[in-house]
Protein chains: 2
Amino acid sequence: PGYPQSSGFCGLQSDELIVDSFRLQQQIDELASFSDSSAPSVTRILYSEADVRARRYIKDLMDSSGLIVREDGVGNIFGRWEGSDSMAPAIATGSHTDAIPFSGKYDGVVGVLGAIEAINALNRTGFKPRRSLEVIMFTSEEPTRFGISCLGSRLLAGLPNMKSSLERVVDKDNISFPDAAAIAGYEFALETLLEVPLKEDTYAAFVELHIEQGPILEEEGIAIGIVTAIAAPASLKVDFRGDGGHAGAVLMPSRNDAGLAAAELALAVEKHVLETQSADTVGTTGVLELYPGAVNSIPSAAHIEIDIRDIDEQRRNSVIQHIKVSASEIATRRHVHLDFQIVTQDPPAASSQKIVKAIESASQQLGLTSKHMISRAYHDSLFMARVSPMGMIFIPCYRGYSHRPDEFASREDLSNGIKVLALSLLALSSDL
Amino acid sequence: PGYPQSSGFCGLQSDELIVDSFRLQQQIDELASFSDSSAPSVTRILYSEADVRARRYIKDLMDSSGLIVREDGVGNIFGRWEGSDSMAPAIATGSHTDAIPFSGKYDGVVGVLGAIEAINALNRTGFKPRRSLEVIMFTSEEPTRFGISCLGSRLLAGLPNMKSSLERVVDKDNISFPDAAAIAGYEFALETLLEVPLKEDTYAAFVELHIEQGPILEEEGIAIGIVTAIAAPASLKVDFRGDGGHAGAVLMPSRNDAGLAAAELALAVEKHVLETQSADTVGTTGVLELYPGAVNSIPSAAHIEIDIRDIDEQRRNSVIQHIKVSASEIATRRHVHLDFQIVTQDPPAASSQKIVKAIESASQQLGLTSKHMISRAYHDSLFMARVSPMGMIFIPCYRGYSHRPDEFASREDLSNGIKVLALSLLALSSDL
Ligand SMILES: [Mn+2]
Ligand SMILES: [Mn+2]
Ligand SMILES: [Mn+2]
Ligand SMILES: [Mn+2]
């Protein structure tokens, strides 16, 4: 907070910019009510009725804000404020509104409702954009239903192999992607896939507002995180298999316990990450399943899934290499069979320097403390970076909690983020 | 195998004793067909239709063998061969026929069908028992349906608190114990509980024939294991709770990963067991569950279940104590909340010296190699030991496998075990 330190910014006094944080909070709460689990948790899965209601809600809000609404074949929603130079590449902002089971109200939502409110705030000042401004609601950032994260933005970025994946996938109830899409009103989702990728130079910039999903900003009392890069995640699946047996009858020297191999590997993941001595490297064993999973049975199989992220691709890959060596060593020593699979290993994305500077200036203009950060969570921005200069604005969230019902961002932090977004859009829109 | 070394045993030539291992194998296979999963796996849960069919099959076999069949209120089945001294405490043998999901054909079954065939073999020699002989099929040795192992033998032994447990329990489909029992034809299971416990001196001996469920006999090429004691299991439930969070966003120093705490404790269990330097101490982490169990979420909770067994009760309790100290140390160091619960901690049971000697002599008489063993798996014998002198006969099984579809014992090993059982019953029955 604090009083504006510089008095003007592209002709706009920063104190002319007013965010209606009360109405925004009402909208966040209303959107949260479209959910398949009871409050305070939110569950909003791709193409479910709750998702469809959220889509209608966002389109209505865009419409009320004077935006021209357009939707593509998979349900990416665009609201456009036509600029005076309507032929120039536009400036886009946005995020997602889908929510994993039993999660919270802010992840993604802040970047959609906040973008619409930023447009409203700019509108109220009398500002007219030179480049057009667009708000995007991306389809299915979360991988919940079909196991594909950032579905909408991957398609917008024209990533290869998406069509063949989407022809194949089914959800846990064996419903195919086109059938699920059709139920939600996207009857030609597969047929129109070729029209989804963005044409070159559609956007001169893409900026996403998002809660940090980590504790740093809150701990350090900083209002704005300026994302300089997004660490792309790599994910591994590892299976160990042993002979199992009766927990009472098989003596210790005769065992090859797949569960203990998995336990060792989970600890090795942590060790190899810490050995980098880099704050930017993180590694997590989020899934560890034992078979048969009975107290009186020696585990005959263990399945673990590991998530490794780093902004430094080489360092991340070297951690993966170390984990692989450990897995082999453990398997050999414990006489268990090993199956080691690298599932994804995406490159990281760097923010555009111009956008970073625009966010910096906006924060300064508003007298807000800020710091450069790396986004270790990935976002639609990771894929938008492939077709547009990209930047992200983080705001603090309660204890860094995310993907849980007690996810929370204060109205003041929301308001700060939206103002920074508005001033950044303003500057980028005016930029030649 | 080998040729009989001594020529007589209580008036019976050991080569007069003939086991019909072909018919036995047919019976084992037929019993295995009463199953709720497809062959080769067997699933036979307490009071299911498969269990009811198995009970009818056993009662018919007992009847065909000339035994007087009796059933108590919970379905423990007794087949009696009346001895010449019908007032003297009888000699009992038996085991269970229930099978955990997707297990095999031999666990328990060998001790029931084998006992009936031992009776047949004795009958064929013209032998008449002095003490009566009884074959018992115990109800629900496996804890599958209601979480209570050795249900029938616990009740026969008059263990306290069983009635209040059985009034409370429901299965996973919320069916109560008396309702499940009624469906299987035991309509007054709860009402007749008081009549189930055995009167004092009902049995002068109880002998159970069982596959080893471990690899020792097969590895060492020994035909008969003579159980000198049953290690009673202790079981622990441990829960760790941390803050969880997003696998990408929360940096390593800010984490308190409940899953890694659980991984450390699983390895500590192994370490403390190995530190005893005792071959008789075993410890297993058979259950390890992470919450929420998503690859991109730091585990906020971990639940583990640990099984510890030892024939030396003090040493086993000291291992539990070490595990408890490790759990606390891990929880403190990793800043996670700990909930540590000792679920069961039963005393071990020692075999009767007289029965051990009877089994030893029988093996010797038959020219079979034997060794003294500890049963680390527990059995109905653990509870029968509370109301009768107890002993157990083990036979080798393929690679020590049990509780899996490829559980196997050869016809020769089965035949050996049944002959040893028959001669032991003969000796014990004749004993004054
Ligand atoms: Mn998310
Ligand atoms: Mn998100
Ligand atoms: Mn069993
Ligand atoms: Mn058994």
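Overview of the structure. (Residues numbered from 1 in each chain as written. Chains lettered and ligands numbered in written order. Predicted model: local features only at pLDDT ≥ 70, side-chain atom pairs only at ≥ 80, totals over all residues. Heavy atoms only, no water.)

### Here's the deal with the state of the cysteines
Here, the word disulfide means a covalent bond between the sulfur atoms of two cysteines.
Residue and element names in this part refer to chain A.
Link 1 in the chain: Counting across every chain of the model gives 0 disulfides over all chains.
Link 2 in the chain: Of the cysteine sulfurs around cysteine 150, a residue in no disulfide, the closest is that of cysteine 397, at 18 Å.
Link 3 in the chain: Exposure remark for cysteine 150: the relative accessible area of 0% places this residue in the buried category. (Disulfide = S-S within 2.5 Å. Buried < 20%, exposed > 50% of the residue type's maximum accessible area, 1.4 Å probe, protein only.)

### Some words on the pairing of strand E10 (residues 282-291) of chain A
All names here are of chain A.
Link 1 in the chain: Burial analysis of E10 places 8 of its 10 residues in the buried class, the great majority of the element.
Link 2 in the chain: For E10 and strand E11 (residues 301-309), the ladder comprises 9 bridges, and the chain directions are antiparallel. Bridged to leucine 288 within E11 is isoleucine 304. (Helix = DSSP H or I, 4+ residues; strand = E, 2+ residues; numbered from the N terminus. Pairing = 2+ DSSP bridges.)

### Here's the deal with helix H3 (residues 109-124) of chain A
Residue and element names in this part refer to chain A.
Link 1 in the chain: If you check H3, its first and last C-alpha atoms are 22 Å apart, about what 16 residues at 1.5 Å a residue would give, namely 22 Å.
Link 2 in the chain: Summarising burial for H3: 14 of the 16 residues are buried, a large majority.
Link 3 in the chain: Phi turns positive one or two residues past the end of H3, at glycine 126, with a value near 90°. (Expected span 1.5 Å × (residues − 1).)

### Brief notes about the packing of helix H8 (residues 258-275) of chain A against helix H9 (residues 313-334) of chain A
All names here are of chain A.
Link 1 in the chain: H9 packs onto H8 with a crossing angle of 150° between their chain directions and a minimal axis gap of 9 Å. Relative to H9, H8 is oriented roughly antiparallel. When you trace H8 past H9, the crossing you get is right-handed. Seen from H8, the contacting residues are Leu260, Ala261, Glu264, Leu265, Ala268, Val269, His272 and Val273; seen from H9, they are Val319, His322, Ile323, Ser326, Ala327, Ile330, Arg333 and Arg334.
Link 2 in the chain: For the contact of H8 with H9, the class distribution of residues is 10 nonpolar, 3 polar and 3 charged. (Axes fitted to C-alpha atoms, helices over the stretch in contact; angles between N-to-C directions. Parallel < 35°, antiparallel > 145°, perpendicular 65-115°, else oblique. Left-handed = near helix turned anticlockwise from the far one by under 90°. Contact = heavy atoms within 4.5 Å. Nonpolar A, V, L, I, M, F, W, Y, C, P; charged D, E, K, R; others polar.)

### Some words on the interface of chain B and chain A
Interface size is commonly expressed as the accessible area that is lost once the parts come together.
Link 1 in the chain: In this complex, chain B contributes 50 residues to the contact, which on the side of chain A involves 50 residues.
Link 2 in the chain: Here chain B packs against chain A, burying approximately 4,400 Å² in sum over the two surfaces, 63% of which is carbon and sulfur.
Link 3 in the chain: At the surface where chain B touches chain A, the tally comes to 2 salt bridges.
Link 4 in the chain: We note a salt bridge from A:Arg334 to B:Glu270, for which the minimum N-O separation is 2.7 Å.
Link 5 in the chain: Where chain B touches chain A, the interface holds 10 residue pairs in polar contact (both at pLDDT 80 or more).
Link 6 in the chain: Those elements that provide at least two residues to the side of chain B that touches chain A are helix H8 (258-275), strand E10 (282-291) and strand E11 (301-309) of chain B.
Link 7 in the chain: Of the residues contributing to the side of chain B that touches chain A, the split by class is 25 nonpolar, 14 polar and 11 charged. (Buried area = accessible area lost by both parts, 1.4 Å probe. Salt bridge = Lys/Arg side-chain N within 4 Å of Asp/Glu carboxyl O. Polar contact = N/O pair within 3.5 Å; in protein donor to acceptor, adjacent residues only side chain to side chain.)

Functional significance is not addressed by these values, which are geometric in nature.
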